[in-house]
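Now for the letters of each chain:
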Amino acid sequence: MTGFFDSFALPFLHGMDAERAHNLTILALWAAPLPAAEEDDPILAQNVFGLDFPNPVGMAAGFDKEARVPDALLKLGFGFTEVGTLTPRPQPGNEKPRLFRLHEDRGVINRFGFNNGGHERARERLLRRAANGGVVGVNIGANKDSTDRTADYVAGIKNFADVASYFTVNISSPNTPGLRDLQQAGALDDLLARVIAAREQAAMQLPRRPVLLKIAPDLALADLDDVVRVARARGVDGMIVSNTTLARPEILRDPLRSESGGLSGAPLFALSTRMLAQTFVRVEGQFPLIGVGGVDSPEAAWAKIEAGATLVQLYSSLVYEGLGLVGRIKTGLAEHLRVRKLESIGQAVGTAVNDWL
């Protein structure tokens, strides 16, 4: 499946509008009779947040916005996948076009704006696949016109507590006006207090679901100090570093670089990895981190791990590298471990953090 997609489908998809190509990919994954995933190299297995991950490579939120194909992604070799971002009520998102490939830079710009069908539809899909197993996280957000955005996150905890492996509190998308204001200390403290309280209430009847916080790569270090302090005080289980960036590095060459929205892919790698390392030293081992942004090779994934990531996620790199990238990264990580005579990913986490500070 991955060989066919990369050799034939990928060039075909690059010939059409980016969002249409994405939708066709989702449809193909939903319809394809995929075989079960091959067993992963045991050296890649980890228990993180109390969950068993067969390998550390995950699909980032934004690909499977509607929770349509989590099982297909697991069969393709991902160690975990994250659906969403999901909001309580359906919303169409921002006007099209809103997804742009930066071919010359191997990057992507999007300004989707949390387009999704709402909690009810996604919950029905996740209920139908609940017995299938695998780690499937749910990324929760707020409706654009919500009068109480924190209540929207609480609703996400309540509505998915029985079907989510973990939750990601997404307060870092640049495409919903004012959302990143929730990263400010006072607002974040109130948000996490209510979210954690909702999680604990659900845990009285259901397994306790880990709550992760996803942050932007554009935070000033003083603001990162506040974010980590609040996250630690409120007892989150982990952080995801990072979302897309509003910055436009001078190295960008593609004519579409001036489009508004969040930039991801290869141009995000350095910025997001520096933020990951800065977060790692502030967390002081209290909880694990997931590294995201520009993971397009085994070497990039290994760099994230050495900078402080216990797990990694990718999405934009598949546009250019294809689905075979997942297997190449897993093989490469196993080789890195064995060459260094390490027994697990955990032994490599943060070992080169000072190179990024």
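Residues numbered from 1 in each chain as written. Predicted model: local features only at pLDDT ≥ 70, side-chain atom pairs only at ≥ 80, totals over all residues. Heavy atoms only, no water.

Selection rule: UniProt positions are given in the numbering used here, feature names are shortened, and annotations may be inferred rather than shown by experiment.
In the annotation of an unreviewed UniProt entry, the entry for the protein chain reads Dihydroorotate dehydrogenase (quinone), and the organism field reads Rhodoblastus acidophilus. For the protein chain, the Function (unreviewed entry) comment in UniProt is given as "Catalyzes the conversion of dihydroorotate to orotate with quinone as electron acceptor." In its Sequence similarities (unreviewed entry) section, UniProt records this for the protein chain: "Belongs to the dihydroorotate dehydrogenase family. Type 2 subfamily."

### Details of a nonpolar patch on the surface
To be explicit about the condition: A patch is a set of surface residues, each over 30% in relative accessible area and not in a salt bridge, joined within 9 Å for like charges and within 5 Å for the nonpolar side chains Val, Leu, Ile, Met, Phe, Trp and Tyr. The Shrake-Rupley method, run with a 1.4 Å probe, gives the accessible areas here. Residue values count only the displayed protein chains as cover. Salt bridge, as used here, is a side-chain nitrogen of Lys or Arg placed within 4 Å of a carboxyl oxygen of Asp or Glu. Secondary structure elements follow DSSP: runs of H or I of four or more residues count as helices, runs of E of two or more count as strands, with numbering from the N terminus. Exposure classes here rest on a 1.4 Å probe applied to the protein chains alone. A residue is buried below 20% of its type maximum, exposed above 50%, and partly exposed in between.
On the surface, Phe12, Leu24, Leu27 and Trp30 cluster together into a nonpolar patch covering about 460 Å² of accessible area. Broken down by element, the nonpolar patch gets its largest block of residues, 3 residues, from helix H2 (residues 18-31). With respect to the helices, strands and loops of the structure, Trp30 is situated in helix H2. Classification of Trp30 by relative accessible area gives exposed; the value is 61%.

### Some thoughts on helix H5 (residues 149-160)
The test is simple: Between the first and last residue of a helix there are one fewer steps than residues, each counted as 1.5 Å, and that sum is the expected span. It only takes one pair of heavy atoms within 4.5 Å for two residues to be counted as in contact.
Relative to the 16 Å expected for 12 residues at 1.5 Å per residue, H5 spans 17 Å between its end C-alpha atoms, a close match to the ideal helical length. For H5, the set of buried residues is Arg149, Thr150, Asp152, Tyr153, Val154, Gly156, Ile157 and Phe160. Where H5 is buried, its residues contact strand E4 (80-86), helix H4 (119-128), strand E7 (136-140), strand E8 (166-170), helix H6 (185-202) and strand E9 (211-215).

### Some remarks on the packing of H6 against helix H7 (residues 221-234)
Basically, it comes down to this: Axis lines are fitted to C-alpha atoms, over the contacting stretch for helices. Their N-to-C directions set the angle, which ranges from 0 to 180 degrees. In these notes the angle categories are as follows: under 35 degrees is roughly parallel, over 145 is roughly antiparallel, 65 to 115 is roughly perpendicular, and the rest is oblique. Crossing handedness: left-handed means the near helix sits turned counterclockwise from the far one by under a right angle, and right-handed means the same turn made clockwise.
It is at 10 Å that the axes of H6 and H7 come closest, and there the two elements cross at 25 degrees. The angle between H6 and H7 places the two elements in the roughly parallel class. You can see that H6 and H7 cross each other, and the crossing is right-handed. Residues Ala185, Leu188, Asp189, Leu192, Ala193 and Ile196 of H6 pack against Asp226, Val227, Arg229, Val230, Ala231 and Arg234 of H7.

### Section: the nonpolar core
One recurring pattern in soluble globular proteins is that nonpolar side chains are buried together. So the rule is basically this: We define the nonpolar core as a collection of buried residues of types Ala, Val, Leu, Ile, Met, Phe, Trp, Tyr and Cys that are connected through side-chain atoms lying within 4.5 Å of one another.
One finds Val138, Tyr153, Phe160, Val169, Leu213, Ile215 and Met239 to be the most contacted residues of the largest nonpolar core, which totals 93 residues. If we ignore the near neighbours within four places in the chain, the residues touching Val169 are Ile140, Tyr153, Leu191, Val195, Val211, Leu212, Leu213 and Lys214.

### Focus: the sheet that holds E7
Heads up, the rule is: For two strands to count as paired, DSSP must find a minimum of two bridges between them.
Here 8 strands make up a closed barrel; going around it, the order is E3-E4-E7-E8-E9-E10-E12-E13 and the pairing parallel. Here the average twist between neighbouring strands, direction ignored, is 25 degrees. Where H6 meets the sheet, it contacts E8 and E9, and its direction lies at approximately 155 degrees from that of E9.

### Quick notes on the side chain of Asn170
Cut-off, in case you're wondering: Identification of polar contacts relies on pairs of N or O atoms within 3.5 Å, with a donor-acceptor requirement for protein atoms, meaning one able to donate a hydrogen and the other able to accept it, and with residues adjacent in sequence counted only if both atoms are side-chain atoms.
Within the secondary structure, Asn170 sits in strand E8. Asn170 gets classed as buried once you look at its relative accessible area, which sits at 3%. Here Thr85 takes part through its side chain, which lies 3.0 Å from a polar atom of the side chain of Asn170. Excluding residues within four positions of it along the chain, Asn170 makes contact with Thr85, Phe114, Asn139, Ile140, Gly141, Tyr153, Leu179, Lys214 and Asn243.

### What about the side chain of His336?
Structurally, His336 is set in helix H11 (residues 324-339). Within the structure, the side chain of His336 is placed 2.9 Å from the side chain of Arg340, a separation counted as a polar contact. Discounting chain neighbours no more than four positions away, the residues touching His336 are Pro298, Glu299 and Trp302.

### Thoughts on the UniProt feature "domain: Dihydroorotate dehydrogenase catalytic" (unreviewed entry) in the protein chain
The UniProt entry lists residues 44-337 under the feature "domain: Dihydroorotate dehydrogenase catalytic" (unreviewed entry), expressed in the numbering used here. In residues 44-337, the share of helix is 35% and the share of strand is 19%. The end C-alpha atoms are 9 Å apart.

### Some thoughts on the environment of Ala60
Mapped onto the elements, Ala60 comes out in the loop between strand E3 (57-59) and helix H3 (70-75). Taking relative accessible area as the criterion, Ala60 reaches 4% and is therefore assigned buried. Linking Ala60 and Asp162, residues 102 residues apart in sequence, is a C-alpha distance of 21 Å. Residues contacting Ala60, with those up to four places away along its chain left out, are Glu82, Val292, Gln313, Leu314 and Tyr315.

### Concerning the packing of H4 against H5
Here H4 crosses H5 at 25 degrees, and the two axes come no closer than 11 Å. By the angle between their axes, H4 is roughly parallel relative to H5. Classified by chirality, the crossing of H5 by H4 is right-handed. Here H4 contributes His119, Ala122, Arg123 and Leu126 to the contact with H5, which in turn contributes Asp152, Ala155, Gly156, Asn159 and Phe160.

### Details of the sheet that holds strand E6 (residues 107-110)
Two pairing modes exist for strands in a sheet, parallel and antiparallel, and in both the strands are linked by backbone hydrogen bonds. What the 3 strands build is an open sheet, ordered E5-E6-E11; its pairing is antiparallel. One side of each edge strand has no neighbouring strand; the edge strands of this open sheet are strand E5 (99-102) and strand E11 (262-265). The average angle at which neighbouring strand axes cross in this sheet is 25 degrees, direction not considered.

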